[in-house]
Amino acid sequence: MNIFVVNSGSSSIKYQLFKMPNDNPICTGLVERIGLENSIITHKVYINSEEKVIKRVLDLVDHEAGLNEVAHLLMEPEIGVIQDPAEINAVGHRVVHGGESFASTTIITKEVKEEIKKLFSLAPLHNPANYLGIEVAEKIFTKAKQVAVFDTAFHQTMPEKAFRYAIPQNLYTEMGIRAYGFHGTSHKYVAQQTLQYLNNKNAKIITIHLGNGCSMAAVDSGKCIDTSMGFGPLSGLVMGTRSGDLDPSVIFHMVNQLGYSLDQVSTLLNKHSGMHGLTGFSDMRDILKSIAEGDKNAKMAYDLYAYRIKKYIGAYAAVLNGLDAIVFTAGVGENDSNIRQLICADMDFLGIKINEEKNNIRSKGIREINTDDARVKVLVVPTNEELEIAEQCFELLTEKATAAV
Ligand SMILES: Nc1ncnc2c1ncn2[C@@H]1O[C@H](COP(=O)(O)OP(=O)(O)O)[C@@H](O)[C@H]1O
Ligand SMILES: CC(=O)OP(=O)(O)O
Ligand SMILES: [Mg+2]
């Protein structure tokens, strides 16, 4: 079954094509700078374990232009991996917010699209882009089943005391105001990889996803029991452009005393805060460069970023009542050894001790970076949201096919 996975962001599209049940992608790619001059497509084709990289610089005005170009690349003579869009059996979409309507992977219908649309205001950086990705894929891959995999789904196992806010009851029962949690596909994937690595399906672990957006999850026996993002993907950790945890009084003060509109506050907290607000840069590589150049402000921001994560590790070790492993993943978590070192420093009372040499080794697979005598494993586990999405689509569609027989 050919499953094409689309992860649409506001200005980018990540994609992978799988011939399931084979876990190795046939091709992968990234479209960046959509809507700007000089958009870039990096397309990789894997033939007989050899990687062929194609880079194209184009002006892609929108996601439709981006996905159309990707479809051409999939079919291009010489590097093409299919001959016709009809060869794609399913398109798996990452959809960030599924609210309480979607606890699992779902075939996209008109009604499902309406529900996703209703959740735009709760995930303004993500759901509109995900929705657009679905509309465009429907036009290009007309014969394919369109499937949604929700970031929120993995967190649906949280107990009520973890997902409820202490606000009047009807706001939850009638309006659905509660914590949902995000990056669930990534937390689920790395948690499962970790349980396999530890050979212990009952392990207590903390997964730490540090990408542009950042979140953590407390996972007991493979089930999420708490997570740092909430009603929308804004709370919890300090992120590239998002503030993370903030006393709501700050918002009242900004609106009532400083004259901000609510839209301005939303833009400020979602797009101009986090590391970007603190340093002017959202990309950790730029921040590391500033620190190396002696920028004290950048160092303070880096310390704040690590400190917030440390606090959540303490909290989650408590709610898990024990800890077997902490797991770093995503762009920053997988690549920035300095942040891992800073987060894990002075946590030996919890059994967390990092081996500096192991921490600095770069490799592609799962890596153990704790000292030999540490009680808690510290792991770097590369995430693969696209593979997890393909597997969930495959499972759903083969189940449906079996049920139909
Ligand atoms: N070598 C590196 N050192 C530090 N940070 C890195 C490195 N490589 C990538 N990153 C960080 O990873 C982030 C992107 O992570 P990613 O998981 O791809 O995020 P997203 O999926 O949200 O776009 C970048 O913003 C950058 O800060
Ligand atoms: C939910 C979320 O924050 O996603 P991303 O990290 O892709 O922005
Ligand atoms: Mg991501």
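Residues numbered from 1 in each chain as written. Chains lettered and ligands numbered in written order. Predicted model: local features only at pLDDT ≥ 70, side-chain atom pairs only at ≥ 80, totals over all residues. Heavy atoms only, no water.

J.: Just checking my understanding: could you explain the domain arrangement of the protein chain for this structure?
T.: Size of an interface: often given as the accessible area lost when the parts come together. Segmentation of the protein chain into domains returns domain 1 (2-150) and domain 2 (195-385). Each of domain 1 and domain 2 has a C-alpha centre, and these two points are 27 Å apart. The interface is formed by nine residues belonging to domain 1 together with eight residues belonging to domain 2. Carbon and sulfur atoms make up 57% of the area that domain 1 and domain 2 hide from each other, which totals about 700 Å². Considering only the surface of domain 1 that becomes buried against domain 2, Leu 122, Leu 125 and His 126 emerge as the three largest contributors, covering 53% of it. Applying the counting rule to domain 1 against domain 2 returns one salt bridge. Between Glu 385 and Arg 94 there is a salt bridge, and its shortest N-O distance comes to 3.8 Å. Across the contact surface, domain 1 and domain 2 share two residue pairs in polar contact (both at pLDDT 80 or more). Considered class by class, the residues forming the side of domain 1 that touches domain 2 number four nonpolar, four polar and one charged. (Domains from an automatic or database assignment. Contact = heavy atoms within 4.5 Å. Buried area = accessible area lost by both parts, 1.4 Å probe. Salt bridge = Lys/Arg side-chain N within 4 Å of Asp/Glu carboxyl O. Polar contact = N/O pair within 3.5 Å; in protein donor to acceptor, adjacent residues only side chain to side chain. Nonpolar A, V, L, I, M, F, W, Y, C, P; charged D, E, K, R; others polar.)

J.: Looking at this structure, I do not really get the sheet that holds strand β14 (residues 377-380). What am I missing?
T.: Where strands meet in a sheet, backbone hydrogen bonds hold them as pairs that are either parallel or antiparallel. Pairing is mixed in the open sheet, where six strands are placed in the order β11-β10-β9-β12-β14-β13. Strands with a single pairing partner mark the edges of an open sheet, and in this sheet they are β11 (223-227) and β13 (367-368). One ladder, built from five bridges, connects strand β9 (residues 204-210) with strand β12 (residues 325-329); its direction is parallel. For Thr 207, the partnering residue across the bridge sits in β12 and is Val 327. Sitting on the sheet, helix α11 (residues 296-320) is in contact with β9, β10 (214-220), β11 and β12, with an inclination near 15° to β10. (Pairing = 2+ DSSP bridges. Helix = DSSP H or I, 4+ residues; strand = E, 2+ residues; numbered from the N terminus. Axes fitted to C-alpha atoms, helices over the stretch in contact; angles between N-to-C directions.)

J.: It is not clear to me how the sheet that holds strand β3 (residues 25-32) should be interpreted in this structure. Could you clarify?
T.: The strand order β5-β4-β3-β2-β1-β6-β8-β7 describes an open sheet built from eight strands, whose pairing is mixed. Each edge of the sheet is formed by a strand with only one pairing partner; in this case those strands are β5 (50-58) and β7 (106-107). Summarising the sheet, strand β6 (residues 90-95) and strand β8 (residues 145-150) pair through six bridges and their orientation is parallel. Opposite Val 95, over in β8, you have Phe 150 as the bridge partner. Strand contacts of helix α1 (residues 63-75): β1 (2-8), β2 (13-19), β3, β4 (39-47) and β5, with the helix running at about 30° to β2, the strand carrying the most contacts.

J.: Could you clarify how one ought to interpret the nonpolar core in this entry?
T.: The tendency in soluble globular proteins is for nonpolar side chains to be buried side by side. Membership of the largest hydrophobic core comes to 43 residues, with the highest contact counts inside it found for Leu 210, Tyr 305, Ile 313 and Ile 352. Counting residues per element, the ones that place at least two in this core are β9, β10, α10 (284-292), α11, β12, α13 (337-344) and β14. With eleven residues, α11 is the single largest residue contributor to this core. If sequence neighbours within four positions are ignored, Ile 313 has contacts with Ile 206, Ile 208, Met 216, Ile 326, Ile 343, Met 347, Leu 350 and Ile 352. Phe 4, Val 6, Ile 82 and Phe 141 belong to the second largest nonpolar core, which has 28 residues in total. (Core = buried A, V, L, I, M, F, W, Y, C linked by side-chain atoms within 4.5 Å. Buried < 20%, exposed > 50% of the residue type's maximum accessible area, 1.4 Å probe, protein only.)

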